[in-house]
Amino acid sequence: MTCPKINNQTDLDLTPHQPLFDSFFPYSQKTMGYTKQPKLNFVSDPENAGKALGKTAYYDPSSTEIT
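As the structure is a computational prediction, the values presented were derived from the model and not from experiment.

Q: Let's hear about the packing of aromatic side chains: which residues, and what values?
A: All chains considered together, the criterion is met by three aromatic pairs. Judged by centre distance (6.4 Å) and plane angle (45°), the ring pair of Phe24 and Tyr27 falls under tilted. Of the two residues, Phe24 and Tyr27 both sit in helix α1 (residues 18-32), three residues apart, roughly one turn of that helix. For Phe24, a relative accessible area of 42% corresponds to the partly exposed category. Connected via pairs of aromatic rings, a cluster forms that spans Phe24, Phe25 and Tyr27. The cationic tip of Lys55 hangs over the ring face of Tyr58; the distance from NZ or CZ to the ring centre is 4.3 Å.

Q: Let's hear about the pairing of strand β2 (residues 39-43): which residues, and what values?
A: For a regular strand, the rule is simple: side chains alternate between the two faces of the sheet. Two strands pair when backbone bridges link them, and strand β1 (residues 6-9) and β2 are joined in this way by four bridges, in the parallel orientation. For Ile6, the partnering residue across the bridge sits in β2 and is Leu40. Assessed by its sense of winding, the connection that carries the chain from β1 through α1 to β2 is left-handed. Taken together, the two bridges between β2 and strand β4 (residues 65-66) define a ladder with parallel strand orientation. Across the sheet, residue Lys39 finds its bridge partner in β4, namely Glu65.

Definitions and cut-offs
Residues numbered from 1 in each chain as written. Predicted model: local features only at pLDDT ≥ 70, side-chain atom pairs only at ≥ 80, totals over all residues. Heavy atoms only, no water. Phe/Tyr/Trp six-rings, centres within 6.5 Å; stacked < 30°, edge-to-face > 60°. Helix = DSSP H or I, 4+ residues; strand = E, 2+ residues; numbered from the N terminus. Buried < 20%, exposed > 50% of the residue type's maximum accessible area, 1.4 Å probe, protein only. Lys NZ or Arg CZ within 6 Å of the ring centre and 35° of its normal. Pairing = 2+ DSSP bridges. Right-handed = clockwise from strand over helix to strand, strands pointing away.

The values are spatial; any link to function lies outside them.
Pasting the structure below:
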């Protein structure tokens, strides 16, 4: 299994990290036992980044998306 759909909404090149994604997702699926692959969203949020306790990531179970 390769990494699920990646939605890159940043100006970062994620290509160098693709092997990491491809190896992590099978591991996490085996370890956590989920069956539906999540979507992975990378976003840039300068306002949130400026908050000391801003979000670093979140999971939406209704859409199975990690942002």
